[in-house]
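# Descriptive structure summary
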Amino acid sequence: MPEEKKTKTVKTIKVDVDKCNGCRACEMICSAYHAAPKYSGNNPERSRVRVIREPLRDVYVPVYAGEYTPAECLGRDKYIIDGKEYDECAFCRASCPSRDLFKEPDSGLPLKCDMCEGEDEPLCVKWCIVDALTYEEREEEAEEDEKPEDIDVGIEALADKYGMDKIMDAVARMSQQKKD
Amino acid sequence: MRYAETGYNLEVDLSRGNIERVETDPRDTELYLGGLGTSAKIIWERVPPEVEPFSPDNLLIFAAGLLCGTPATGCNRTIVTTISPQTELMAFSMMGGFLAPELKYAGYDKVIFRGKSPDLVYLWIHNDKVELRDATHLRGKGAIETAALIQQELKEPKAQVAAIGAAGENRVFFASIEQGRSSASRGGIGAVMGDKNLKAIVVRGTKDVSIAKPMEFMELCNEVLEYIKYRNDHPIPGVMPILAGLGSPQEMKVHDEKWHTENFSWGNSRTRRKDFWNEDIAREWTETMESMRTRLISCYNCPMTCGATISPPGMPTYMMKCFSKLTYTMAAMSDLEFGLGIAQSATEYGVDGFSAPQVMAFALELLENGILTDEDFPGMPEDNEGRFYWLLEHIVHREGIGDILANGTYWAAKQIGKGAEEYAHNNIKKHEQLPLKLSMLNPIYFIMYATGEKINITQIEGQFPQAPFPKREHREAFVKDWFQVPDEKFKQYFLDWEPRGDNSIPYYPTPPMVADIVDWQERMHYIDDALGMCAGLSSFPLKPPYHLHNYPKFISAGAGVDMDEEKLTQAIRRYRTLVRANNTRRGMSRKDEKPPKDHWKKRFPELEKELLDTYYAFKGWNEDGIPTETTLREFGLDYVADDFLARGILTKDADAPPKDDAPEKGKEA
Ligand code: SF4
Ligand code: SF4
Ligand code: SF4
């Protein structure tokens, strides 16, 4: 008997940089949506999409937070498109030690776009009414692989920063304090 | 816990180099909202009329409006308040862009400068870390250039910068403060910044702005966004393109300039060229714009793209918005290519795009008419366009005749004498106005021009159509979905307004209707300036997404201040009166409330008197345009009433309510 085909939903946000006007509404609404409680505040620094914006050079690149990486790349990319030179790593989505993009401002913990799980449409797309951001969904055959939980990624990042021992100590200390 | 606002101001004493973070009184938010409202109160308390614009005791206040930094679309205005060197009155000028939200994210509502720095400095605000830094190496640098240099030296590409250019440093009376995409231009506030030896204010903030009732607030924001989309798809029929949609006038998008070029005056606001626009010019100007415009750009959290990045050949790129597109072109009787080019220099130097071109055209008129002579212009090129560049250079550096011209047409004419005053013909309250010369007096515009304290007509008009629609059926269609009106009677005012006959200008709308209409339009602008909302989504266009009915809800849900329409109107009237009180104390009165003599060909002195009398009475001002004691006490402005009585500006009102009848005790009329 043939194995049952697994499918996955591929969610794509299409970014048309030519249409971006640099308003940063996407940043604002992403951070508001992920505030706890929801919409109780906003802070673009916590957004999972950031607009690399240099008006005088006409550089407008909305970039989405992707995976956390403990170490920066040794090789770097630099793009020149239509004669416009983009900064090193401009299009990279990683929350990476080489830059302060995609990190919580107070804890330094990595941020990652979750496509606004639970909403009909990603909020950044909804708020970009000039259509620099549009949303598409399609089904694809795929092997389901385990996605690490947010908390795992967070702890991994902390471990990279402070070492596992220190974190264990801190957790033990904190749970002790909670009990007291 | 404070919502929408941070509850903290920065007090910067430039003389001593001292910086303090000061908590504000939440009761002031209820009474004066924020932005312009609370700034007007600070000016009242701390800048008495004896303080000259260039005194160290003058304050320069950068305020983020109450709702800046919240998700409310288009709420991004910085309101700059000081005493203007040109008008010698309280100036308040707004800029969009990105500074105000950044200031909120850094944890402050206002930055209040006092004193004078011994050397040129800039203020660097990075959350809790605030410092004055040396800016002597930036002396003479362009405003846009300065922003880039500071971002580089701080290694903070995301920092927002508002800076002055050479004009501000040299205290040109119409110097602006430039912020890349936007500028605060009117009233010469850039000159005060230069006088204080402050080159720039630089902000980077990474903290949260909180909302009192998150779900309610988002609901309101979503409604606004939906309505913006609806209005983008449904422009208003029957009005010219720039009035049909939302946003600041969409000058960067619109190519058809027939209306501006044929209705506005050229030169020193003199010549109307009624057959100017033709196909060749349309083609040429469209090509110019399209070849220089790299992108349409927005302010923070706004989809309207009212600005553009412009790259004139052989010149650095800059950003432009609104009508500065045409002011240089028209003053110099030239073409768009010239206008977009010289605006690059003007932006770097930091001058107001209305005043600067008129001052230059005024100088050339004086030369033509022998009041100034060739000796006053040594080395000035022969060609018209070269002359404008020459004049700009000399004005911003205050060289030769430029030193006099740098004081604006009113003061320059006084200094020059020999009949020069006749040529400074387009001023109100000593400040250059839009170059507009029309035929028949329009009673609504008469009152707005005369009594406006924002000095710019675009900052007073907006909600009510500029002219009646030709047929009643058009008017009926217009009022059908006009839910923004404060009251149903406004629909009737408009329905009955005819292009000709009994119900036409100048006698219709009648003086009481005019009072209602102007008050509504003005109220909208004043609320925008307190909340930090862009006029382009609120007070300026017809049928805007923000209006008197949803604003109270935005304030309640956003700032957690209990608000309804009545209370909001009372608050606006309170700080609007306070703005007037600041100016009354500086000597402004009925004698100053005059549109230029030649603004309309057909004038009606008796009607104009009646209009002004009616409007003053409506506002609770006496026949000199001074708020009465009764009015002041009703608004809880007892401290103003007492001051006016002490100074002899007012004598005791018999029917003034008792002193302790303050509105915060729930006694609003
Ligand atoms: S909301 Fe859209 S237009 Fe605005 S910055 Fe983001 S991507 Fe660009
Ligand atoms: S999809 Fe959602 S989580 Fe991802 S960047 Fe956009 S708003 Fe943020
Ligand atoms: S409407 Fe235009 S000027 Fe106003 S905030 Fe939006 S982009 Fe800026």
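Computed from a predicted model, the values in this text were never measured in an experiment. (Residues numbered from 1 in each chain as written. Chains lettered and ligands numbered in written order. Predicted model: local features only at pLDDT ≥ 70, side-chain atom pairs only at ≥ 80, totals over all residues. Heavy atoms only, no water.)

## Quick look at the overall build of chain B
The cut-off we apply is this: Only DSSP runs of H or I reaching four residues or more are called helices, and only runs of E reaching two or more are called strands; each is numbered from the N terminus. Between the two quantities, the radius of gyration covers C-alpha atoms and the globule rule is 2.2 Å times the number of residues to the power 0.38. Exposed residues in this analysis have more than 50% of their type's maximum accessible area, buried residues have under 20%, and partly exposed residues fall in between, with area computed by a 1.4 Å probe over protein chains only.
Helix and strand content of chain B: 25 helices and 20 strands. The C-alpha radius of gyration computed for chain B amounts to 24 Å, which stays within 12% of the reference 26 Å derived for 669 residues, consistent with globular compactness. In terms of overall dimensions, chain B has a C-alpha envelope of 65 × 65 × 55 Å along the principal axes. Scored against the burial criterion, the 669 residues of chain B give a buried share of 67%.

## A look at the sheet that holds strand S15 (residues 307-310) of chain B
Residues and elements named next belong to chain B. Selection criterion: Here, a strand pair is defined by DSSP locating no fewer than two bridges between the strands. Throughout, an axis means a line fitted to C-alpha atoms (over the contacting stretch in the case of helices), and angles, computed between N-to-C directions, take values from 0 to 180 degrees. Contacts between residues were defined by any pair of non-hydrogen atoms, one from each residue, lying within 4.5 Å.
If you trace the three strands from one edge of the open sheet to the other, you get S14-S15-S16, paired in antiparallel fashion. Pairing within the sheet leaves two strands with one partner each, and these edge strands are strand S14 (293-297) and strand S16 (318-321). Within this sheet the neighbouring strands show an average axis-to-axis angle of 30°, counted without direction. With four bridges joining them, S15 and S16 adopt antiparallel strand pairing. Bridged to Gly307 within S16 is Lys321. The strands touched by helix H10 (residues 279-292) within the sheet are S14 and S15, with S14 carrying the most contacts at an inclination of about 80°.

## Some words on the domain arrangement of chain A
All names here are of chain A. What counts, and what does not: An automatic or database domain assignment is the source of the domain bounds shown. Buried area: the accessible area, evaluated with a 1.4 Å probe, that two parts lose upon being put together, summed over both parts. We define a salt bridge as a side-chain nitrogen of Lys or Arg found within 4 Å of a carboxyl oxygen belonging to Asp or Glu. Pairs of N or O atoms within 3.5 Å make up the polar contacts considered here, provided that, within protein, one atom can donate a hydrogen while the other can accept it, and that residues adjacent in sequence are counted only when both atoms are side-chain atoms. By the convention adopted, Pro, Cys, Tyr, Trp, Phe, Met, Ile, Leu, Val and Ala count as nonpolar, Lys, Arg, Asp and Glu as charged, and the other residues, Gly among them, as polar.
Per the domain assignment, the segments of chain A are domain 1 (7-141) and domain 2 (148-179). Measuring from the centre of the C-alpha atoms in domain 1 to the corresponding centre in domain 2 gives 27 Å. Taken together, the five residues of domain 1 in the interface contact seven residues of domain 2. Buried surface at the junction of domain 1 and domain 2, summed over both partners, amounts to about 490 Å²; 67% is from carbon and sulfur atoms. At the boundary of domain 1 with domain 2, the tally comes to zero salt bridges. Across the domain 1-domain 2 interface, the total number found is one residue pair in polar contact (both at pLDDT 80 or more). Residue composition of the side of domain 1 that touches domain 2, by class: four nonpolar, one polar and no charged.

## As for the site of ligand 2
Note the threshold: Consider each residue's heavy atoms; a residue with any of them within 4 Å of a molecule or strand counts as near.
Residues in close proximity to ligand 2 include A:Ile13, A:Cys30, A:His34, A:Arg48, A:Val49, A:Tyr64, A:Cys113, A:Asp114, A:Met115, A:Cys116, A:Pro122 and A:Cys124, which together make up its full environment. When its residues are assigned to classes, the shell around ligand 2 shows nine nonpolar, one polar and two charged.

## What about the site of ligand 3?
Around ligand 3, the structure places B:Asn76, B:Arg77, B:Arg181, B:Gly247, B:Ser248, B:Ser298, B:Cys299, B:Cys302, B:Met304, B:Thr305, B:Cys306 and B:Cys534. Looking at the shell around ligand 3, its residues break down into five nonpolar, five polar and two charged.

## Focus: the sheet that holds strand S1 (residues 8-13) of chain B
All names here are of chain B. The mixed open sheet is built from six strands, whose spatial order is S2-S1-S6-S3-S4-S5. Pairing within the sheet leaves two strands with one partner each, and these edge strands are strand S2 (18-23) and strand S5 (90-95). Averaged over neighbouring strand pairs, the angle between their axes works out to 15° when direction is ignored. Its contacts with the sheet put helix H2 (residues 36-46) on S1, strand S3 (60-64), strand S4 (78-83), S5 and strand S6 (110-114), and the angle it makes with S6 is roughly 25°. Sheet strands in contact with helix H3 (residues 99-106) are S3, S4, S5 and S6, and its direction is about 85° off that of S3.

## Notes on H3(B)
All names here are of chain B. Counting buried positions along H3 yields eight of eight residues, so the element is predominantly enclosed. Taken residue by residue, H3 has Leu99, Ala100, Pro101, Glu102, Leu103, Lys104, Tyr105 and Ala106 as its buried positions. The positive-phi residue at the C-terminal boundary of H3 is Gly107, with phi of around 105°.

## Re empty space enclosed by the protein
The rolling of a water-molecule-sized probe over the atoms marks out the regions of remaining empty space. As a reminder, the rule being used: For each structure, a 1 Å grid was placed over the protein atoms alone; sets of points admitting a 1.4 Å probe that cannot get out are labelled cavities, open sets with protein on both sides within 12 Å along at least five of seven lines are labelled pockets, and lining residues have an atom within 4 Å of a point. Grid points are joined across faces, edges and corners, and a volume is the space filled by probe spheres set on the points.
Inspection of the entire model under this criterion finds eight cavities of 30 Å³ or more. Its boundaries defined by the atoms lining it, the largest cavity holds a volume of some 100 Å³. Looking at the lining of the largest cavity residue by residue, the classes come out as 10 nonpolar, two polar and one charged.

## Concerning the packing of aromatic side chains
Residue and element names in this part refer to chain B. Put simply, the rule reads: Only rings of Phe, Tyr and Trp enter the pairing, Trp through its six-membered ring, and a pair is recorded when the two centres are within 6.5 Å. The plane angle decides the type: under 30 degrees is stacked, over 60 is edge-to-face, the rest tilted.
With the rule as written, the count across this model stands at 44 aromatic pairs over all chains. Each ring, one from Phe62 and one from Phe113, has its centre 5.9 Å from the other, and the planes form 80°; the classification is edge-to-face. With a gap of 51 residues between them, Phe62 in strand S3 and Phe113 in strand S6 connect regions that are remote in the sequence. Looking at Phe113, the relative accessible area reads 0%, which means it is buried.

## A word on the layout of surface pockets
The calculated volume of the second largest pocket comes to roughly 1,200 Å³. Lining the second largest pocket are 37 residues, and of these A:Arg53, A:Glu54, B:Glu156, B:Pro157 and B:Lys158 sit closest to its centre. Contributing elements (two or more residues each) for the lining of the second largest pocket: strand S3 (49-54) of chain A together with helix H4 (143-154) and strand S9 (160-163) of chain B. When grouped by side-chain class, the residues that make up the lining of the second largest pocket number 15 nonpolar, six polar and 16 charged.

## Considering the nonpolar core
Soluble globular proteins tend to pack their nonpolar side chains together in the buried interior. Definition in use: Within this scheme, the nonpolar core is defined by two criteria: the residues are buried Ala, Val, Leu, Ile, Met, Phe, Trp, Tyr or Cys, and they are joined through side-chain atoms within 4.5 Å.
Residues B:Leu33, B:Phe62, B:Val111, B:Phe113 and B:Ile125 are the most contacted members of the largest nonpolar core, which totals 223 residues. At 11 residues, the largest contribution of residues to this core is made by helix H20 (residues 511-531) of chain B. Not counting the four nearest positions on each side in its chain, B:Phe113 is found in contact with B:Val12, B:Leu14, B:Asn58, B:Leu59, B:Leu60, B:Phe62, B:Leu123, B:Lys196, B:Leu198 and B:Ile201. Listed in part, the 17 residues of the second largest apolar core include A:Val49, A:Tyr60, A:Ala132 and A:Leu133.

## Quick notes on the environment of B:Leu154
All names here are of chain B. Position of Leu154 among the secondary structure elements: in helix H4. On the basis of relative accessible area, Leu154 is assigned to the buried category, the value being 13%. Residues Leu154 and Ala184, spaced 30 residues apart in sequence, show a C-alpha to C-alpha distance of 24 Å.

## Describing unusual backbone geometry
With an omega dihedral of -10°, the bond running from A:Ala36 to A:Pro37 counts as a cis peptide bond. The residue A:Pro37 is located in the loop between helix H1 (25-33) and strand S2 (41-42) in this model. The residue after B:Ile505, namely B:Pro506, is reached through a cis peptide bond having omega 5°. Structurally, the position occupied by B:Pro506 is in the loop between helix H19 (489-495) and H20. In this model, A:Cys89 sits at a positive phi of 65°, which is unusual for a non-glycine residue.

## Observations concerning the pattern of salt bridges
As a working rule, side chains carrying opposite charge can pair if their charged atoms are close by. In this structure the tally under the stated criterion is 70 salt bridges over all chains. Close ionic contact of A:Arg46 with A:Glu104 constitutes a salt bridge, the shortest N to O distance being 2.5 Å. A residue pair is termed long-range when its members are at least 10 positions apart, and A:Arg46 in the loop between S2 and S3 and A:Glu104 in the loop between strand S6 (84-85) and helix H2 (123-127) qualify at 58 residues. Take A:Arg46 and A:Glu104: they sit in the same class, and that class is buried. Its salt-bridge partner being B:Lys429, residue B:Glu593 comes within 2.8 Å of it at the nearest N-O pair.

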